[in-house]
Amino acid sequence: MAAHGIDRIPDSLGYLVLTEDGAVISSGGQLENDEMTANKIVKLVHTAYKIPVTPDRKDPLKRVSVIIGDYVFMITVSQHKIFVSKRQYSPQEPVPA
């Protein structure tokens, strides 16, 4: 199945491409066939969609980053699909002013 280019993201440990209802279109790396993670991400996206981003509610959610332990899940909603990339989380130290 086509990965829609998400498989070429540098430093990605895994990816998912989901339909809006949570069906896995494609997956790879550490997220290959990970339906449990897919289900949790779909619930998170559906919940986040209910939160107004702008006062007029015209601009829906497009991107979410979720940090869990040493990993960050970068989630993008586009063209009625949910794209997820799992990457190593490397927090940067604040720069003193």
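For the structure, check the block above.
Residues numbered from 1 in each chain as written. Predicted model: local features only at pLDDT ≥ 70, side-chain atom pairs only at ≥ 80, totals over all residues. Heavy atoms only, no water.

1. Considering unusual backbone geometry
At Asp11, a residue that is not glycine, the phi angle is positive and equals roughly 65°. As for its position among the elements, Asp11 is in the segment before β1 (12–19). What makes Asp11 exposed here is its relative accessible area of 64%. One non-glycine residue, Gln79, adopts positive backbone phi at about 50°. Residue position: Gln79 is located in the loop between β4 (71–78) and β5 (81–88). A residue is classified by how much of its surface remains accessible, and Gln79, at 65% relative accessible area, is exposed. (Helix = DSSP H or I, 4+ residues; strand = E, 2+ residues; numbered from the N terminus. Buried < 20%, exposed > 50% of the residue type's maximum accessible area, 1.4 Å probe, protein only.)

2. Examining helix α1 (residues 35–49)
The end-to-end C-alpha distance of α1, which contains 15 residues, comes to 21 Å, matching closely the 21 Å that a straight helix rising 1.5 Å per residue would cover. Every buried residue of α1 is accounted for by Thr37, Ala38, Ile41, Val42, Val45 and Ala48. In a view along the axis of α1, the buried residues occupy a sector of 135°, so they form one face of it. Looking at α1, the residues exposed on the side facing more than 90 degrees away from the buried face are Glu35, Met36, Lys40 and Lys43. Its buried side turned inward, α1 meets β1, β2 (24–29), β4 and β5. (Expected span 1.5 Å × (residues − 1). Arc of directions from axis to C-beta. Contact = heavy atoms within 4.5 Å.)

3. Quick notes on the sheet that holds β2
Pairing between the strands of a sheet is mediated by backbone hydrogen bonds and can be parallel or antiparallel. Within the open sheet, the five strands sit side by side as β2-β1-β5-β4-β3. Their pairing is antiparallel. Taken across any chain shown, the strands that pair with only one partner, and hence form the sheet edges, are β2 and β3 (63–68). Averaged over neighbouring strand pairs, the angle between their axes works out to 15° when direction is ignored. Inspection of the sheet shows β3 paired to β4 by six bridges, in the antiparallel sense. Counted as the bridge partner of Val66 is Phe73 from β4. Against the sheet, α1 makes contact with β1, β2, β3, β4 and β5, and its axis sits at roughly 60° relative to β4, the strand it touches most. (Pairing = 2+ DSSP bridges. Axes fitted to C-alpha atoms, helices over the stretch in contact; angles between N-to-C directions.)

4. Points about the pairing of β1
Note: β1 against β5, seven bridges, orientation antiparallel. Within the sheet, the bridge partner assigned to Leu16 lies in β5 and is Val84. Bridging between β1 and β2 involves five bridges; their strand directions are antiparallel. Across the sheet, the residue bridging to Tyr15 is Gly28, located in β2. Linking two consecutive strands that pair antiparallel, namely β1 and β2, is a turn of four residues; a positive phi of about 100° is found at Gly22 within it.

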